[in-house]
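Fold and geometry: a report
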Amino acid sequence: MRAATHSALPDDVDALRALVLDLHARLQSRDDALQAREAQLQAGQQELVYLRTWIERLKLDLARLRRMQFGRSSEKLCARIEQLELIVEEFEVSAARKVTGAPRTPARQPVRKPLPAHLPRESVIHAPEAACAQCGATMRRIGEDVAEMLEYVPARFKVIRQVRPKLSCACCQRIVQMPAPIRPIDRGIPGPGLLAHVAVSKFADSLPLYRQAQIYAREGVELERSTLADWLGGVAHLVGPLVEALGRYVRCATKLHADDTPVPVLAPGRGSTKTGRLWTYVRDDRPAGSTDAPAVWFQYSPDRKGERPLTHLKHFAGILQADGYAGFERLYARGDVVEAACWAHVRRKFYDLQVANSSPIAAEALRRIGALYAIEAEIRGRPAQQRQAARQARAGPLLDELHDWLQATLGTVSKKSELALAIRYAITRWTALTRYRDHGGIEIDNNAAERSLRAVAIGRKNYLFAGSDAGGERAAAFYSLIGTAKLNGLDPEAYLRTVLERIAEHPINRIDELLPWHLAAAPAEALRQAA
């Protein structure tokens, strides 16, 4: 509203009074609207703070549940995690809406990473008219602004026609023709790229075959789930010698990480599932400064009998880092395999007590164990001799103090309490737990093996069970190759495609040349284009 000028004011007193009252009413109305808006914004800010607080609290709860879920089979726990994820998602959406509706305040712009240089670029020019809109003169270019936007081009199928012309000699009537190229699967239609994509989608991205069939159907390509399963069976048979070579390489190490996880397996004729096991054996000495290639080797067994790891590691001698599974005792009893225990398992028991009961004793145990891990963070990647010297000088006294504290604390708590169980777990394994102090090649924990099992844990949730014991063995083969490719910094799909392009005609006595770390020496761009 524009203020009235002096000449526009009425001369009549009543009219002037009416004008003042009108102006006062309008100003009061505006003040009321501003106050209402301010109250609304304040309420929105309070609700935003409330939502963000709940988001952080729920995320903490989710992190704890995910850690509890790993390595276990619990439908209720999975449902609880999914429910919390949905709640967090809804709260984040609500918080985003609150931020969108509130007045924008200047904020520090986040530092965005540049888009990968290897991606192809497509330029779209937004050029103004060449002639000046005001005077009609020709405009000259003085520069440009470039902004990049990441776009996705959906994957597509294509048919490769293998054409083999026949040639005939007019003189001697001789007919020649090039031999048919060898296919990854004999008389099969899938190419190496499609087979690699199906395998990686299932065993790296945990996408069941029936969902893959639905995705392909949207592209107009009808592929039955049973057909995809047959293809994977053919590929597993084809790469069998390569997986055996990988196993030989892993067992040649002087130190291995070992662990296992349950896998539901369909029991034929019973209409139900039984529990099989997937065993993982990891060779990775990079934290001790080694340049040897890391590798992981999976094995399947229909049960968890102690004879399984005994058979898998029949030709292994050295240090075995594992949890407290009693089945490994037969390996240690041989005399050529030495146990190294896992501090992460000890820490986890005290952490659960701290979360559940806010136990000061558990908190003190976590503080002392954390000091050991802080030393490991500083010396990770150094040569074994340096790590050994640092551990003996710095971690040795801390370990002695921790042992004395655990012994003294055990006498002050109830013998049947969870805290006493956690303390006894550490004390009874003390020799194996402290072996890393005097050996620079041993790790403080068995996390290398646990990390290798994450893909199995996710896949177990998505495709529920293996179809048979043979299916479990095929899964072990794919997890071995895909996991090792990842450890060596390779795109697993590009790696598998390269293997399937070559393996059928590759000499069996040179099968080691197809192991991931040998192909990793090839240009990264060549492997990327293969995918």
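Predicted model, so just to flag it, every value in this text is computed and none were measured.

Before going further, it helps to examine the overall build of the chain. Secondary structure summary: the chain contains 19 helices and seven strands in total. Burial statistics for the chain: of 531 residues in total, 37% are counted as buried. Considering only contacts in the chain between residues 6 or more positions apart, those separated by 24 or more positions represent 64%. Carbon together with sulfur atoms contributes 54% to the accessible area of the chain, which is approximately 33,100 Å² in total.

So, about the side chain of Glu376. Structurally, the position occupied by Glu376 is in helix H10 (residues 360-379). Leaving out residues up to four positions away in the same chain, Glu376 has contacts with Arg387, Arg391, Tyr436 and Ile444.

Another aspect to go through is the pairing of strand S5 (residues 295-301). Of all seven residues in S5, six are buried; the element is thus mostly enclosed. Here seven bridges tie strand S4 (residues 272-283) to S5, and the two strands are oriented antiparallel to one another. Among the inter-strand pairings, Tyr281 is bridged to a residue of S5, identified as Trp297.

Attention now moves to a nonpolar patch on the surface. There is a patch of nonpolar side chains on the surface, built from Leu9, Leu16 and Val20 and spanning about 220 Å² of accessible area. Along the chain, Leu9 turns up in the segment before helix H1 (13-69).

Moving on to the pattern of salt bridges. The tally for this structure, following the rule as stated, stands at 22 salt bridges. Between Glu378 and Arg394 there is a salt bridge whose closest N-O contact spans 2.9 Å. In this pair, Glu378 is assigned in helix H10 and Arg394 in helix H11 (residues 384-410), connecting sequence segments 16 residues apart. Judged by its relative accessible area of 37%, Arg394 is partly exposed. Between Glu513 and Arg510 there is a salt bridge, with its nearest N and O atoms 2.9 Å apart. Judged by relative accessible area, which is 41%, Arg510 ranks as partly exposed.

Attention shifts here to unusual backbone geometry. Among all residues except glycine, the phi angle is most often negative; among peptide bonds, the trans geometry is most common. A positive phi angle, close to 60 degrees, is found at Gln173, a residue other than glycine. You can call Gln173 exposed: its relative accessible area is 56%. The phi dihedral of Arg187 falls on the positive side, at around 60 degrees, and the residue is not glycine. Counting through the fold element by element, Arg187 comes out in the loop between strand S2 (175-176) and helix H3 (192-203).

The next point concerns the nonpolar core. Residues Leu242, Leu320, Phe328 and Tyr495 are the most contacted members of the largest nonpolar core, which totals 72 residues. Tallying contributions element by element places helix H16 (residues 469-487) first for this core, with eight residues. Excluding residues that lie within four positions of it along the chain, Leu242 makes contacts with Leu481, Tyr495, Val499, Ile503, Ile511, Leu514 and Leu515. Membership of the second largest hydrophobic core comes to 36 residues, among which are Ile319, Leu353, Ala395 and Trp405.

Right, let's talk about the packing of aromatic side chains for a bit. This model, assessed by the stated rule, comprises ten aromatic pairs. Ring centres of Phe298 and Tyr479 lie 5.6 Å apart, and the angle between their planes is 45 degrees; this geometry places the pair in the tilted category. Note that Phe298 is positioned in strand S5 and Tyr479 in helix H16, a separation of 181 residues in sequence. One exposure class covers both Phe298 and Tyr479, and it is buried. By the ring-pair criterion, three or more aromatic residues cluster together here, those being Phe203, Phe298, Phe478 and Tyr479. We note Arg283 situated over the ring of Tyr249; from NZ or CZ to the ring centre the distance is 4.0 Å. Above the plane of the ring of Tyr373 lies Arg347, whose end atom (NZ or CZ) is 4.0 Å from the centre.

Between its first and last C-alpha, H11 extends only 34 Å over 27 residues, short of the 39 Å set by a 1.5 Å rise per residue. Of all the bends in H11, the greatest reaches close to 45 degrees and is centred on Ala395; the proline Pro397 follows between one and four positions later. For H11, the set of buried residues is Arg387, Ala390, Arg391, Ala395, Gly396, Leu399, Leu402, Trp405, Leu406 and Thr409.

Turning our attention to the environment of Arg183. Its location among the elements puts Arg183 in the loop between S2 and H3. Distance from Arg183 to Leu500, taken between C-alpha atoms, is 8.9 Å for residues 317 residues apart in sequence. The residues contacting Arg183, other than those within four sequence positions of it, are Gly188 and Ile189.

One open sheet holds the five strands; their spatial order is S5-S4-S3-S6-S7, and the pairing between them is mixed. Two strands lie at the open edges of the sheet, namely S5 and strand S7 (337-340), each paired on one side alone. Each strand of the sheet is rotated relative to its neighbour by a mean of 30 degrees, with strand direction disregarded. With four bridges joining them, strand S6 (residues 318-321) and S7 adopt parallel strand pairing. Note on S7: the bridge partner recorded for Leu320 is Glu339. Against the sheet, helix H6 (residues 240-251) contacts strand S3 (255-267), S4 and S5, and its axis sits at roughly 110 degrees relative to S5.

As a further point, take the environment of Ala340. As for its placement among the helices and strands, Ala340 is situated in strand S7. Using a relative accessible area of 0% as the deciding quantity, one classes Ala340 as buried. Sequence spacing of Ala340 and Ile442 is 102 residues, and the spatial spacing of their C-alpha atoms is 7.5 Å. Among residues more than four places away in sequence, those in contact with Ala340 are Ile319, Leu320, Gln321, Ala322, Ala432 and Ile442.

For the rest of this paragraph, the subject is the pairing of S3. Burial runs high along S3: eleven of the 13 residues are buried. Across three bridges, S3 lies against S6 in parallel orientation. Bridge pairing in S6 links Lys255 to Ile319. Two strands pair when backbone bridges link them, and S3 and S4 are joined in this way by eleven bridges, in the antiparallel orientation.

Another point: the state of the cysteines. Counted by the stated rule, this structure contains zero disulfides. Not part of a disulfide, Cys135 finds its nearest cysteine sulfur in Cys132, a span of 3.8 Å.

Direction vectors running N to C along H3 and helix H17 (residues 492-502) enclose 135 degrees, while the axes themselves pass 8 Å from each other. What the angle tells us is that H3 and H17 run oblique. At the point where H3 passes H17, the crossing takes the right-handed sense. In this structure, H3 contributes Pro192, Gly193, Leu195, Ala196, His197, Ala199 and Val200 to the contact, and H17 contributes Pro492, Glu493, Leu496, Arg497, Leu500 and Glu501.

Thresholds applied
- Residues numbered from 1 in each chain as written.
- Predicted model: local features only at pLDDT ≥ 70, side-chain atom pairs only at ≥ 80, totals over all residues.
- Heavy atoms only, no water.
- Helix = DSSP H or I, 4+ residues; strand = E, 2+ residues; numbered from the N terminus.
- Buried < 20%, exposed > 50% of the residue type's maximum accessible area, 1.4 Å probe, protein only.
- Contact = heavy atoms within 4.5 Å.
- Areas by Shrake-Rupley, 256 points an atom, 1.4 Å probe, with all protein chains shown as cover.
- Pairing = 2+ DSSP bridges.
- Patch = residues over 30% accessible without salt bridge, like charges linked within 9 Å, V, L, I, M, F, W, Y side chains within 5 Å.
- Salt bridge = Lys/Arg side-chain N within 4 Å of Asp/Glu carboxyl O.
- Core = buried A, V, L, I, M, F, W, Y, C linked by side-chain atoms within 4.5 Å.
- Phe/Tyr/Trp six-rings, centres within 6.5 Å; stacked < 30°, edge-to-face > 60°.
- Lys NZ or Arg CZ within 6 Å of the ring centre and 35° of its normal.
- Expected span 1.5 Å × (residues − 1).
- Bend = angle between axes of the 7 residues up to and from the residue.
- Axes fitted to C-alpha atoms, helices over the stretch in contact; angles between N-to-C directions.
- Disulfide = S-S within 2.5 Å.
- Parallel < 35°, antiparallel > 145°, perpendicular 65-115°, else oblique.
- Left-handed = near helix turned anticlockwise from the far one by under 90°.

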